[in-house]
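Listed below are the residues making up each chain.
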Amino acid sequence: MANYSWYSLITINLLLQLQNIPLSITQHHHHRHHHHHDSRLVTPPPLPILPLPNFSQLKWQQREVIMFLHFGVNTFTDSEWGTGQESPAIFDPTGLNTSQWVDVAVEAGISLMILTAKHHDGFCLWPSRYTDHSVAGSPWMGGHGDVVGEFVAAAKSRGVDAGLYLSPWDRHDKRYGHQKAYNEYYLAQLQELLSKYGSIREIWFDGAKGPNAPNMSYYFADWFAMVRELQSSINIFSDAGPDVRWVGNEKGFAGSTCWSSINRTALSIGNASIVDYLNTGDPRGADWVPPECDVSIRDGWFWHKSEQPKNLTLLLQLYYNSVGRNCLLLLNVPPNTSGLISETDAKRLKEFRIALDTIFSHNLAQNSSINVSSQRAGKGGGFGPENMLDGDHLWTYWAPDEHDKRGQWVELQGNQRLRFNVVMIREAIGLGQRIKQHEIYVDGRLVAEGTTVGHKKLHRLSEGVVEGNAVRILVVRSKGLPLISSVGLYLDPFWNP
């Protein structure tokens, strides 16, 4: 078998190489022996600046918007934090349809959904063998249902990835407050969730607990090690990472300065004094732990009859202040008492997606000529400005020359006057986050300034629409040389300051 796959690799490789040979060579035999002179050796990429994202973090960052689903006994009691005294008998979502949840996500262009398998009230949405406080004690499906199982299956069938939230704080279980017993219980449930339901891409550890909760140490090191053992491509979210960090608020806003790097040694879970540090990250941070902005489409996390979804203007503002600040937007869309995402929320999400497509489908920079202060390996050396206008936002990029140490710039010249109100810049974060300060000029006039860029920086211009012939992006300060993978100019019709 090993031999077989080795031969297949060689064959595939040869076929790929043949595809790349220009036609003229295969047509005119007498040219064939000159072919090897044509392939110029290329200059290697510049060295990375540590820390770097790992494979799963890089995949996660490209999702941009993901979905949270808060669902459980609170849905039926009209509350946000359950007491843990609720009877499982109240959980009865008669029309529950997880495929509808997934359809709503797909319509909104969302590729990862995270479900609250257990919230602070301790009620489990799967039939855990370690407690009877679960769907097994509810009238739903005669006690034979499994919301987690249905959710994971529905997501898989549409090619959407699944994540799970398992609340450390448990207001129901008697073991809570007894260190060894509760950590055993928590780890047992973690093993159930991460070994029975296939591939899980994100696990969410929430540091929240009420002021009167019993004192309790969570064995995070054990939990994280167990997660790593059971799932290969999972990201662990908590206040302190290790893979994804909380942004430090639930407003859905990242810091206007936002580094993916941070020092994990300075972080701890459930510690209110570090929220500013979480929000901005740390340019000297040794660890790559990018931030996630969690916010709900409504006022509450759970569904309440009295609430309505946020309007489009606010959702767009959330997008600019999260995705547009090197962050991921985790948008909560709570299923209702029927077990469906409400029509109003589904409609609003669809509007949100259409609006984003309207704004970002036409990059005005595409029709511009693009000049730079210098380029690594010279013209045609593989690091030219054309890389900022191609479809690859990670591994093709403009790199300035090693000697171009200060004030590197990119300038877009329109064929006709450029008219826009949003500027996008993206760094080649696969080689590290670098830019510390930058400015944007239109025909020599400063229209925007900022600090970090990272995976994506969106400047929604405070003065509204500007017009001009030349747009210059100036890197004022950076760690090493800046590497810019994409630039964009857009006209956002919804933005009228």
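Only a predicted model underlies this, so the values are computations on that prediction, with no experimental measurement involved. (Residues numbered from 1 in each chain as written. Predicted model: local features only at pLDDT ≥ 70, side-chain atom pairs only at ≥ 80, totals over all residues. Heavy atoms only, no water.)

Caption draft 1: Expanded view of the overall build of the chain. For the chain, the count of helices and strands is 12 helices and 18 strands. Taken over the C-alpha trace, the chain has a radius of gyration of 26 Å; the compact-globule value for 497 residues is 23 Å, and the two agree within 12%. Dimensions of the chain along its principal axes, counting C-alpha atoms only, are 80 × 65 × 45 Å. Every one of the 497 residues in the chain was classed for burial, and the buried ones make up 55%. Pairs at least 24 apart in sequence give 76% of the contacts found in the chain among residues at least 6 apart. Per element, the accessible surface of the chain, about 21,900 Å² overall, is 53% carbon and sulfur. Averaging the coordinates of the 44 positive side-chain charges in the chain and doing the same for the 49 negative ones gives two points 5 Å apart. (Helix = DSSP H or I, 4+ residues; strand = E, 2+ residues; numbered from the N terminus. Rg over C-alpha atoms; globule rule 2.2 N^0.38 Å. Buried < 20%, exposed > 50% of the residue type's maximum accessible area, 1.4 Å probe, protein only. Contact = heavy atoms within 4.5 Å. Areas by Shrake-Rupley, 256 points an atom, 1.4 Å probe, with all protein chains shown as cover. Lys, Arg positive; Asp, Glu negative; His and termini not counted. Charge placed at Lys NZ, Arg CZ, Asp CG, Glu CD.)

Caption draft 2: Here's a closer look at the packing of helix α8 (residues 179–196) against helix α9 (residues 220–230). In contact at an axis separation of 10 Å, α8 and α9 are set at 20° when each is read in the N-to-C sense. Comparing their axes, α9 and α8 come out roughly parallel. Our pair here, α8 against α9, has a crossing hand that is right-handed. Taking contact as the criterion, the partners of Asn183, Tyr186, Leu187, Leu190, Gln191 and Leu194 in α8 are, on α9, Asp222, Trp223, Met226, Val227 and Leu230. Residue composition of the contact of α8 with α9, by class: 8 nonpolar, 2 polar and 1 charged. (Axes fitted to C-alpha atoms, helices over the stretch in contact; angles between N-to-C directions. Parallel < 35°, antiparallel > 145°, perpendicular 65-115°, else oblique. Left-handed = near helix turned anticlockwise from the far one by under 90°. Nonpolar A, V, L, I, M, F, W, Y, C, P; charged D, E, K, R; others polar.)

Caption draft 3: Structural detail: helix α7 (residues 147–157). Residues Val147, Val148, Phe151, Val152, Ala154 and Ala155 constitute the buried set of α7. Down the axis of α7, the buried side of the element spans an arc of 165°, and every buried residue falls inside it. Exposed and oriented more than 90 degrees from the buried face of α7 are Lys156 and Ser157. As for α7, its buried residues are in contact with β1 (65–69), α6 (98–107), β2 (112–118), β3 (161–166) and α8. Of the residues that open α7, the one with a side-chain oxygen 3.1 Å from the backbone nitrogen of Val148 is Asp146. At the C-terminal side of α7, Gly159 shows a positive phi close to 70°. (Arc of directions from axis to C-beta. Polar contact = N/O pair within 3.5 Å; in protein donor to acceptor, adjacent residues only side chain to side chain.)

Caption draft 4: Summary view of the sheet that holds strand β6 (residues 244–246). With respect to topology, 8 strands assemble into a closed barrel ordered β1-β2-β3-β4-β5-β6-β9-β10, the strand pairing being parallel. The mean inter-strand angle of the sheet, taken between neighbouring strand axes irrespective of direction, is 25°. (Pairing = 2+ DSSP bridges.)

Caption draft 5: Examining the state of the cysteines more closely. Taken as a whole, this structure holds 0 disulfides when the rule is applied. The thiol of Cys293 is not disulfide-bonded; the next cysteine sulfur, from Cys327, is found 3.1 Å away. Note on Cys293: relative accessible area 0%, which makes it buried. (Disulfide = S-S within 2.5 Å.)

Caption draft 6: Examining the environment of Arg477 more closely. Inspection of the secondary structure puts Arg477 in strand β17 (residues 466–478). A relative accessible area of 41% places Arg477 in the partly exposed class. Excluding residues that lie within four positions of it along the chain, Arg477 makes contacts with Ile435, Lys436 and Gln437. Side-chain polar atoms of Arg477 contact the side chain of Gln437, separated by 3.0 Å.

Caption draft 7: A look at the environment of Gly444. For Gly444, the location among the structural elements is in the loop between β14 (435–442) and β15 (445–450). Note on Gly444: relative accessible area 67%, which makes it exposed.

Caption draft 8: Quick peek at the sheet that holds strand β11 (residues 368–372). In spatial order, the strands read β11-β12-β17-β14-β15; together these 5 strands make up an open sheet with antiparallel pairing. Only two strands of the sheet have a single partner each, and these edge strands are β11 and β15. Each strand of the sheet is rotated relative to its neighbour by a mean of 20°, with strand direction disregarded.

Caption draft 9: Spotlight on the nonpolar core. Met67, Trp101, Leu115, Val147, Val148 and Leu190 are the most contacted members of the largest nonpolar core, which has 83 residues in total. A per-element tally of this core places α8 first, with 7 residues. Setting aside its immediate chain neighbours within four residues, Met67 contacts Val104, Ala105, Ile110, Leu112, Met113, Ile114, Leu330, Leu331, Val333, Ile341 and Leu349. (Core = buried A, V, L, I, M, F, W, Y, C linked by side-chain atoms within 4.5 Å.)

Caption draft 10: Representation of the pattern of salt bridges in the model. One pass over the structure, following the stated rule, counts 18 salt bridges. Here Arg158 and Asp103 are joined by a salt bridge, their closest N and O atoms 2.6 Å apart. One end of the pair, Arg158, is in the loop between α7 and β3; the other, Asp103, is in helix α6, and 55 residues separate them in sequence. Owing to a relative accessible area of 43%, Arg158 belongs among the partly exposed residues under this scheme. Residue Arg129 is joined to Glu192 by a salt bridge in which the shortest nitrogen-to-oxygen separation is 3.7 Å. Here the residue Arg129 occupies a position in the loop between β2 and α7, and Glu192 occupies one in helix α8, the gap between them amounting to 63 residues. (Salt bridge = Lys/Arg side-chain N within 4 Å of Asp/Glu carboxyl O.)

Caption draft 11: Structural detail: the packing of aromatic side chains. Taken as a whole, this structure holds 30 aromatic pairs when the rule is applied. Where Tyr165 meets Trp204, the ring centres are 5.8 Å apart and the plane angle is 20°; that geometry is what we call stacked. Separated by 39 residues along the polypeptide, Tyr165 in strand β3 and Trp204 in strand β4 (residues 202–204) bring together distant segments of the chain. Ring pairing ties together the aromatic residues Tyr176, Tyr182, Tyr185, Tyr186, Phe205, Tyr218, Phe220, Trp223 and Phe224, which thus form one cluster. Sitting over the face of the ring of Tyr185, Arg175 holds its NZ or CZ atom 4.0 Å from the ring centroid. (Phe/Tyr/Trp six-rings, centres within 6.5 Å; stacked < 30°, edge-to-face > 60°. Lys NZ or Arg CZ within 6 Å of the ring centre and 35° of its normal.)

Caption draft 12: Summary view of the confidence of the model for the chain. Per-residue confidence for the chain averages 93 on the pLDDT scale, and 92% of its residues sit at or above 70. Note that residues 1–35 has pLDDT below 50 and, in this model, 4 contacts with residues that lie over four places away or in other chains. (pLDDT = per-residue confidence, 0-100.)

Caption draft 13: How the structure looks around helix α12 (residues 343–360). End to end, α12 covers 26 Å across 18 residues, agreeing with the expected 26 Å (1.5 Å per residue, within 8%). Within the span of α12, buried status applies to Asp345, Ala346, Arg348, Leu349, Phe352, Ala355, Leu356 and Ile359. In this fold, the buried residues of α12 make contact with β1, α6, α11 (312–322), β10 (328–332) and β18 (484–490). (Expected span 1.5 Å × (residues − 1).)

Caption draft 14: Structural view of the packing of α6 against α7. At their nearest, the axes of α6 and α7 sit 8 Å apart, and the two run at 40° to each other. When the axis of α6 is compared with that of α7, the two are oblique. Two packed elements cross with a definite hand, and for α6 against α7 that hand is right-handed. On α7, the residues that touch Thr98, Ser99, Trp101 and Val102 of α6 are Val147, Glu150, Phe151, Ala154 and Ala155. For the contact of α6 with α7, the residue count by class is 6 nonpolar, 2 polar and 1 charged.

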